[in-house]
Amino acid sequence: MASLRNANPRLKNYFKENYIPQVCEALLCGILVTCPEDPLRYLEGMIMVIIKSGLQNLLWDMCIAPSMKPNIRRLSETYLEQLFELDDQLMTPELMIKACSFYTGHLVKTRFCTWRDVARANENVALAEKMNRAVTCYNFRLQKSVFHHWHSYMEDQKEKLKNTLLRIQQIIYCHKLSIILTKWRNTARLKSKKKEHELILKHELQLKKWKNRLILNRAAAEESSFPEQSSSEGSLVDETLKCDISLLPERAILQIFFYLSLKDVIICGQVNHAWMLMTQLNSLWNAIDFSTVKNVIPDKYILSTLQRWRLNVLRLNFRGCLLRPKTFRSVSHCRNLQELNVSDCPTFTDESMRHISEGCPGVLYLNLSNTTITNRTMRLLPRHFHNLQNLSLAYCRRFTDKGLQYLNLGNGCHKLIYLDLSGCTQISVQGFRYIANSCTGITHLTINDMPTLMDNCVKALVEKCSRITSLVFTGAPHISDCTFKALSTCKLRKIRFEGNKRVTDASFKYIDKNYPNLSHIYMADCKGITDSSLRSLSPLRQLTVLNLANCVRIGDMGLKQFLDGPASIRIRELNLSNCVQLSDASVIKLSERCPNLNYLSLRNCDHLTAQGIGYIVNIFSLVSIDLSGTDISNEGLNILSRHKKLKELSVSECYRITDVGIQVRSLRSSVREVLTLALCSDY
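A brief look at the structure comes next. Going along each chain's sequence as written, the residues are numbered from 1 onward. Reporting in this predicted model follows two pLDDT cut-offs: at least 70 for local features of residues, and 80 or more for side-chain atom pairs to be given and counted; totals over whole chains, interfaces and linings ignore these cut-offs and use all residues. Think of the side-chain values as coming from all heavy atoms in the structure, minus any hydrogens and water.

### So, the packing of helix 13 (residues 350–359) against helix 14 (residues 375–384)
- Comment: axis = line fitted to C-alpha atoms, over the contacting stretch for helices; angle = value between 0 and 180 degrees taken between N-to-C directions. Runs of H or I in DSSP of at least four residues are treated as helices and runs of E of at least two as strands, each being numbered from the N terminus. Between helix 13 and helix 14, the least distance of the axes is 9 Å, while the angle of their chain directions is 5 degrees. Taken together, helix 13 and helix 14 sit at an angle that is classed as roughly parallel. In this structure, helix 13 uses Asp 350, Glu 351, Met 353, Arg 354, Ser 357 and Glu 358 to contact helix 14, whose residues at the interface are Arg 376, Thr 377, Leu 380 and His 384.
- Under the grouping applied here, Gly and all other residues not named as nonpolar or charged are polar, the nonpolar ones being Ala, Val, Leu, Ile, Met, Phe, Trp, Tyr, Cys and Pro and the charged ones Asp, Glu, Lys and Arg. A per-class count over the contact of helix 13 with helix 14 returns two nonpolar, three polar and five charged. Orientation categories follow fixed angle ranges, with anything under 35 degrees roughly parallel, anything over 145 roughly antiparallel, 65 to 115 roughly perpendicular, and all other angles oblique. Here, two residues are considered to be in contact whenever any of their heavy atoms come within 4.5 Å of each other.

Rendered as structure tokens:
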């Protein structure tokens, strides 16, 4: 309708002068009943008919074709008046128009509802078809996903089976080697015993000869003059005294017996009277190690030994000994004791510690690792051991934070410089605050196998322990870069982290700025370390040991940036095992920048070739190198044989090395101490 008005200005003016609702009503009825194919043309034609007929002749069904008009007889006004008994004044045109409008609206509503129901039915059918297609597509994708997972699972199973077979082959090969070595060892032992037996027989025969000569000399002396007798006996005595070590100085005798275990010293004391006197030197019993004879010597002998040498004993080692409480109490008689190791002793209790603390106040080193001590022992430490410097509480899980608070009692443990809290998972942040308050002089801290260790624990400890120079955190996966930030107040020289995935390059930025005197760095198996970390370490002039084993994200570029700095001058030990991105370029750079390098590990660096291995010979200070799991061949082994100072070479799992390479190396190389060839299948 709007288009018609815009198209014909005359028609627009015409409709403004007349009533539009009646026209719209007639046109709408015509469209609903007739349903023409082209509604616009239909409307245009009907409007022209209405204009020609005039609005005075307009009826509601004018736009409906005669064949489609309802068969209803038109009631005249007189008939309606008679039917409803209406007066002429009541039957007005307005009422007629209203009745006509109501009828038209009802008709439109009926037709529209019918059309709406049909449309909704069509929509439901289309929606049902879409749902069927969606279900089919979903089932197909689900089957595809299940098949993909099944295929991945089968591939993993095949890989595991392959690895298992390889492992079984290696085990069989190692078993064969162990059998061969066992047979060789047994044969060697038999030969050694045979030689010893022959030597003993030889000495016995020689002793018999000396006795016979002595008898003959004495008989001859009775017949001859006395000067001749003295000269013959003197020569015999000089010959027999050549093997008597009792005539050596006491210092030399001690050096000899210091290499023997307690069991061997006891056996030597049973040889003869002279040897017994040598084994009873006071200095020989300053350090007694009962751990080597824990399953041989009974408690009775330990009691008698401690009772006899109680004034000379300075160091005692009971590691792993299963002793009675009475035996531990006898340690209290050793008034001069300075070092005590009772680690892994299941029978060591708080009562045993009480007796020792009362009798041995001068202890400097105390190892209580893996014992059953509680807070009672922690209360005794600051009261009796005023000079305690080294304390190990590793894997002691029965004391609590309250026990650590006791360390501040009395004179406290302010002289403590070494502390080992490995495996003490019961310690909380408050416990570390207690340690910081009582042990402010700690310089060496070891906390291994402690998955509960957090950054807050280290922060609480470092608040007052600012003298820490050596730090070991192995098996602490929750330590992050925040720990290095907290340690910026300490003057670290040695740090060791292993198996930590939260330590990133940001930690090494703190190292560069805050620890200029750092000499030892162990960051093995830290997956977050990249080339940027090595660039941060390059300014460290005091660095001598660097261990970055299993840091797989380190490459040639990072190592080059590290070696270009002053840190490469003093580096003595470098471990880059399993850094698979390293290639020959790194080895070339090492040969140019590391004049003092003694130990080098390039284990499982697959990208090394014979050309790179050839540059290792140019590292003249190298003493030990590990090339296990690399692509080294007989040619590379031949090149390494030219190195003059190399003493230890490991080429395990290098499958390209054969017997020919070993033979050539043995002929051309100088004497070496260790050559490892394990799992070289072609060898």
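### Brief notes about the environment of Asn 295
- You can see Asn 295 is positioned in the loop between strand 1 (287–289) and helix 11 (299–308).
- Residue Asn 295 is classed as exposed on the basis of its relative accessible area of 73%.
- Note: C-alpha distance between Asn 295 and Gly 320 (25 residues apart in sequence) is 9.7 Å. Throughout, exposure labels follow a simple rule: accessible area from a 1.4 Å probe, protein chains only, divided by the maximum for the residue type, with under 20% read as buried, over 50% as exposed, and the rest as partly exposed.

### What to know about the side chain of Asp 455
- Among the secondary structure elements, Asp 455 is positioned in helix 17 (residues 455–462).
- Neither His nor the chain ends contribute to the count of charged residues, in which Lys and Arg are positive and Asp and Glu negative. By definition here, a salt bridge exists when the distance from a side-chain nitrogen of Lys or Arg to a carboxyl oxygen of Asp or Glu is within 4 Å. Of the side chains with opposite charge, Arg 502 lies nearest to the buried Asp 455, which makes no salt bridge, at 5.0 Å.
- Counted as a polar contact is a pair of N or O atoms within 3.5 Å, where, for protein atoms, one must be capable of donating a hydrogen and the other of accepting one, and residues adjacent in sequence contribute only when both atoms are in side chains. One polar contact links Asp 455 to Ser 480, side chain to side chain, over a distance of 2.4 Å.
- The contacts of Asp 455, once residues within four sequence positions are left out, are His 478, Ile 479, Ser 480, Cys 482 and Thr 483.

### Examining empty space enclosed by the protein
- A cavity here means a set of points on a 1 Å grid, drawn over the protein atoms and nothing else, where a 1.4 Å probe fits but cannot get out; a pocket is an open set with protein on both sides within 12 Å along at least five of seven lines, and a residue lines either one if it has an atom within 4 Å of a point. Grid points are joined across faces, edges and corners, and a volume is the space filled by probe spheres set on the points. Scanning the entire structure with this criterion turns up two cavities of 30 Å³ or more.
- What the largest cavity holds in volume is close to 40 Å³.
- Around the largest cavity, the lining residues are Phe 432, Leu 445, Ile 447, Leu 453, Cys 457, Val 458, Leu 461, Val 462, Ile 468, Leu 471, Phe 473 and Leu 487.
- Ranked by residue count, the leading element in the lining of the largest cavity is helix 17, at four residues.
- Reported here for the second largest cavity is a volume of approximately 30 Å³.
- Along the walls of the second largest cavity sit Leu 559, Leu 582, Ser 583, Ser 586, Val 587, Leu 590, Leu 602, Cys 605 and Leu 608, which together make up its complete lining.

### Details of a nonpolar patch on the surface
- Each patch is built from residues that are more than 30% exposed by relative accessible area and take part in no salt bridge. Like charges join if they lie within 9 Å; nonpolar side chains (Val, Leu, Ile, Met, Phe, Trp, Tyr) join within 5 Å. Areas reported as accessible are Shrake-Rupley estimates using a 1.4 Å probe. Residue values count occlusion only from the protein chains shown. A contiguous nonpolar patch, built from Phe 147, Trp 150, Tyr 153 and Met 154 and spanning about 450 Å² of accessible area, is present on the exposed surface.
- Within the secondary structure, Trp 150 sits in helix 6 (residues 93–223).

### Describing the environment of Ser 586
- Tracing the sequence through the fold places Ser 586 in helix 23 (residues 584–593).
- For the pair Ser 586 and Gly 555, spaced 31 residues apart in the sequence, the C-alpha separation amounts to 8.4 Å.
- For Ser 586, the contacting residues outside a window of four places in its chain are Asp 556 and Leu 559.
- Here Asp 556 takes part through its side chain, which lies 2.4 Å from a polar atom of the side chain of Ser 586.

Take it as geometry only, folks, not as evidence of what the structure does.
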